[in-house]
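Overview (structure and organization)
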Amino acid sequence: MQALGAFIRRSIDAEDAARARAAEQATRARRMVVTLAVAGQVALVISAAGLQLALFLTPLWIVLVLLLYGTFARNKWGIDFGKIRRPPNCPRCDSPMPRWRMPKTLEQALWGGNTCANCGCVMDKWGRAV
Ligand SMILES: [Zn+2]
């Protein structure tokens, strides 16, 4: 009889221990799910911010590349740094252009260029006849 009582007590203890272990495991799993969800949200917010920053900066990069390439290739996007010292002479009659130009057309106002007061030659900002 005593042996049976001891056996029952032992099996109850084992059952309690198993239940406690299962509860601990469930708590750990729940904590892991919450951690993963939070980490996912944080990653989403960071990537969304990065995407917005990239979308915002891309036009700036494109403009910068156009300006740099235009300066070296001497197209209308380029910046003529030599003109800061002295504007290029007229390509046809070689008369000097005024430092402060008055654009004659919308194209000249937007992209630079000049019209020679001496011979009427139209040039771009690099001093090439158009
Ligand atoms: Zn001229």
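Residues numbered from 1 in each chain as written. Predicted model: local features only at pLDDT ≥ 70, side-chain atom pairs only at ≥ 80, totals over all residues.

Turning our attention to the domain arrangement of the chain. Domain annotation for the chain reports domain 1 (1-79) and domain 2 (80-130). Summarising the inter-unit geometry, the C-alpha centres of domain 1 and domain 2 are found 60 Å apart. Each residue belonging to the side of domain 1 that touches domain 2 can be placed in one class, and the counts come to one nonpolar, one polar and two charged. (Domains from an automatic or database assignment. Nonpolar A, V, L, I, M, F, W, Y, C, P; charged D, E, K, R; others polar.)

So, about the confidence of the model for the chain. Overall, the predicted model of the chain reaches an average pLDDT of 91, with 99% of residues at or above 70. Mean pLDDT in the chain bottoms out at helix 2 (residues 82-85), which sits at 79, and peaks at strand 2 (residues 122-123), which reaches 94. (pLDDT = per-residue confidence, 0-100. Helix = DSSP H or I, 4+ residues; strand = E, 2+ residues; numbered from the N terminus.)

Moving on to the environment of arginine 101. Mapped onto the fold, arginine 101 is located in the loop between helix 2 and helix 3 (106-111). Distance from arginine 101 to glutamate 24, taken between C-alpha atoms, is 82 Å for residues 77 residues apart in sequence.

A word on helix 1 (residues 2-73). Helical geometry note: an α-helix holds 3.6 residues per turn, so side chains three or four residues apart project in the same direction. Between its first and last C-alpha, helix 1 extends 102 Å over 72 residues, near the 106 Å set by a 1.5 Å rise per residue. The axis of helix 1 is deflected most strongly, by about 30°, at leucine 57, and proline proline 59 appears within four residues downstream. Burial within helix 1 is sparse, with just zero of its 72 residues counted as buried. Backbone geometry just after helix 1 places arginine 74 at a positive phi near 60°. (Expected span 1.5 Å × (residues − 1). Bend = angle between axes of the 7 residues up to and from the residue. Buried ≥ 20, exposed ≤ 12 C-beta atoms within 10 Å, placed from the backbone.)

Attention shifts here to the environment of arginine 19. Within the secondary structure, arginine 19 is located in helix 1. The class for arginine 19 is exposed, based on 10 C-beta atoms found within 10 Å. Taking the C-alpha atoms as reference, arginine 19 lies 15 Å from alanine 29; in sequence the two are ten residues apart.

With that out of the way, let us pick up the environment of arginine 31. Residue position: arginine 31 is located in helix 1. Linking arginine 31 and alanine 14, residues 17 residues apart in sequence, is a C-alpha distance of 26 Å.

Before going further, it helps to examine unusual backbone geometry. For arginine 74, which is not a glycine, the phi torsion comes out positive at approximately 60°. Residue position: arginine 74 is located in the loop between helix 1 and helix 2. Using a count of 14 C-beta atoms within 10 Å as the deciding quantity, one classes arginine 74 as partly exposed. Look at aspartate 94: it is not a glycine, yet its phi comes out positive at around 65°. Tracing the sequence through the fold places aspartate 94 in the loop between helix 2 and helix 3.

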